[in-house]
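Structural overview
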Amino acid sequence: GFVCNQLMWSLAKINASGVADPTLVLMDQDTYRYHAESGKSAMAYTAAAQGYLAKRMTGAYIGDSLRAQYDNRENEEIIGLLREYRVSPGEFALAWMMHHDFVSIPIVTFRTALQLWEGIRSTELEMPEELVWGIREIKRKSREENAGML
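Computed from a predicted structure; not experimentally measured. (Residues numbered from 1 in each chain as written. Predicted model: local features only at pLDDT ≥ 70, side-chain atom pairs only at ≥ 80, totals over all residues. Heavy atoms only, no water.)

Glancing now at the packing of aromatic side chains. Inspection of every chain in the model, using the stated rule, returns 5 aromatic pairs. Between the aromatic rings of W9 and Y32, the centroid separation amounts to 6.1 Å while the plane-to-plane angle is 75 degrees, which identifies the pairing as edge-to-face. Of this pair, W9 sits in the loop between β1 (5-8) and α1 (29-38) while Y32 sits in helix α1, and the two are 23 residues apart along the sequence. With respect to class, W9 is no different from Y32; both count as buried. (Phe/Tyr/Trp six-rings, centres within 6.5 Å; stacked < 30°, edge-to-face > 60°. Helix = DSSP H or I, 4+ residues; strand = E, 2+ residues; numbered from the N terminus. Buried < 20%, exposed > 50% of the residue type's maximum accessible area, 1.4 Å probe, protein only.)

Below is the structure:
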């Protein structure tokens, strides 16, 4: 039977037009609703958005293809909230993926020991309620403006 749906999904909003491979499946509102209503699990590849949020917050170099996938107003607002609450983007992004109304499993590759430890800590991160509400509100407004893409 059905075990898990594996698709491209992260805290960071993905610009579908920036994804070069047309065979990749992105989480959208209809698919999210299906998982929430059915309780079926989802595995999120690129769950850390290839480090986009962390790179933006630290001023690290971001290549053109990554910018094409993730530069947008929603992510700017998310970065603003993460800065305001002084939350590690790596930890929060993975914790966010594990806190939905269905089992969601982030798939992520760690390149450094720091990233690995952030991943481990994300499993126990207590997310500030106001921050979670703020992110949900940003995503709700964005869905209304962008025809259902998460």
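Having put the structure on the table, let's press on.
Together, F110, L116, W117 and I120 line one region of the surface with nonpolar side chains, adding up to about 370 Å² of accessible area. In this fold, L116 is placed in helix α6 (residues 113-122). Overall, L116 belongs to the partly exposed group, its relative accessible area being 38%. (Patch = residues over 30% accessible without salt bridge, like charges linked within 9 Å, V, L, I, M, F, W, Y side chains within 5 Å. Areas by Shrake-Rupley, 256 points an atom, 1.4 Å probe, with all protein chains shown as cover. Salt bridge = Lys/Arg side-chain N within 4 Å of Asp/Glu carboxyl O.)

Here the focus is the sheet that holds strand β3 (residues 104-106). Read from one edge to the other, the open sheet built from 3 strands follows the order β1-β2-β3, with strand pairing classed as parallel. Each edge of the open sheet carries a strand with a single partner, namely β1 and β3. Sheet twist, expressed as the mean angle between neighbouring strand axes with direction ignored, is 25 degrees. Direction of pairing for strand β2 (residues 42-45) relative to β3: parallel, over a ladder of 3 bridges. Each bridged residue has a counterpart across the sheet, and for A44 the counterpart in β3 is P106. (Pairing = 2+ DSSP bridges. Axes fitted to C-alpha atoms, helices over the stretch in contact; angles between N-to-C directions.)

All right, on to unusual backbone geometry then. With the exception of glycine, most residues fall at negative phi, and the peptide bonds are largely trans. The backbone phi angle of Q50 is positive, close to 55 degrees, even though this residue is not glycine. Its relative accessible area of 41% is what places Q50 among the partly exposed residues. Here the phi dihedral of R86 falls at roughly 50 degrees; this positive angle occurs in a residue that is not glycine. With respect to the helices and strands, the residue R86 is situated in the loop between α4 (73-84) and α5 (89-97). Take R86: its relative accessible area is 78%, and that puts it in the exposed class.

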